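# Observations on the three-dimensional arrangement
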Amino acid sequence: MSRIGKKPIVIPQGVTATVENNTITVKGPKGTLTRTIDATIGCELKENVLTLTCPENASKEIQAKHGLYRALLNNMVTGVHNGFTRTVIINGVGYKSAVAGNKLTLNIGFSHPVEMIAPEGIIFTCTTPTEIVVAGCDKELVGQTAANIKAKRPVEPYHAYGIRYKEEVVVLKEGKKSGK
């Protein structure tokens, strides 16, 4: 049995959850998220506590899904209550970013600016010209959008020019040495 899957999910104040035919909908101040889970995993909502159950003689695949769905549902509850953010840093000479509405414009060393439109439910903010904050209630979408931004200009290992996550550590390579 999954240790993570056994843990109950406590629904905080201001968040409502409904369960219908293995489809869970969570509504909160940041938005609404819906997910359909596997029919073999049982889901029960009692007094603002959501619990998932797994059959006793379940295969390893079903047991793995038990923990997976519990983690996904917990992320849904956390997302609609608090939201998720991912910070991306731009490093390079003349590299900068700007946000206008839901459009992110990146000047990252190409002959043209790179423009990205925020997906539904994602908000871009630029705290500084070299720092972009991707925010939203869906953890998967926030992470994928930040990864799409990062993929526009991967970090170069000699000077660390490029786009990286704020918490990412870039190990620099040593440059060429003069021959004596």
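Higher on the page you've got the structure.
Conventions adopted
Residues numbered from 1 in each chain as written. Predicted model: local features only at pLDDT ≥ 70, side-chain atom pairs only at ≥ 80, totals over all residues. Heavy atoms only, no water. Helix = DSSP H or I, 4+ residues; strand = E, 2+ residues; numbered from the N terminus. Rg over C-alpha atoms; globule rule 2.2 N^0.38 Å. Buried < 20%, exposed > 50% of the residue type's maximum accessible area, 1.4 Å probe, protein only. Contact = heavy atoms within 4.5 Å. Areas by Shrake-Rupley, 256 points an atom, 1.4 Å probe, with all protein chains shown as cover. Lys, Arg positive; Asp, Glu negative; His and termini not counted. Charge placed at Lys NZ, Arg CZ, Asp CG, Glu CD. Salt bridge = Lys/Arg side-chain N within 4 Å of Asp/Glu carboxyl O.

Here the focus is the overall build of the protein. On a plain count of helices and strands, the protein comes out with three helices and 13 strands. Expected size for 180 residues packed as a compact globule is a radius of gyration near 16 Å; at 21 Å, the protein overshoots this value by more than 25%. Oriented by its inertia axes, the alpha-carbon framework of the protein measures out at about 70 × 45 × 25 Å. Residues counted as buried form 33% of the 180 residues belonging to the protein. In the protein, of all internal contacts separated by at least 6 residues, the share reaching a separation of at least 24 is 50%. For the protein, the exposed surface amounts to about 11,000 Å²; the carbon and sulfur share of it is 52%. The averaged location of the 15 negative side-chain charges in the protein is 9 Å from the averaged location of its 23 positive side-chain charges.

Among the structural elements, R3 can be located in helix 1 (residues 3-6). On the basis of relative accessible area, R3 is assigned to the exposed category, the value being 75%. It is 9.4 Å that separates the C-alpha atoms of R3 and H66, two residues lying 63 residues apart in sequence.

Glancing now at the pattern of salt bridges. Summed over all chains, the structure comprises eight salt bridges. Among the ionic pairs, R35 bridges to E140, the shortest N-O distance being 2.5 Å. With R35 in strand 4 (residues 31-36) and E140 in helix 3 (residues 139-151), this residue pair connects regions lying 105 residues apart in the sequence. Since its relative accessible area comes to 23%, R35 is described here as partly exposed. On the accessibility criterion, E140 (47% relative accessible area) is partly exposed. The salt bridge involving E167 is made with R86; its shortest N-O contact spans 2.7 Å. Remark: R86 occurs in strand 7 (residues 84-91) and E167 occurs in the segment after strand 13 (162-165); sequence separation between them is 81 residues. Overall, E167 belongs to the exposed group, its relative accessible area being 53%. For R86, a relative accessible area of 25% gives the class partly exposed.

Positive phi, normally seen in glycine, also occurs at N22, with a value near 60°. Take N22: it is sitting in the loop between strand 2 (16-20) and strand 3 (23-28). Of note in this structure, A160 is not a glycine but carries a positive phi near 65°. Looking at the secondary structure, you find A160 in the loop between helix 3 and strand 13.

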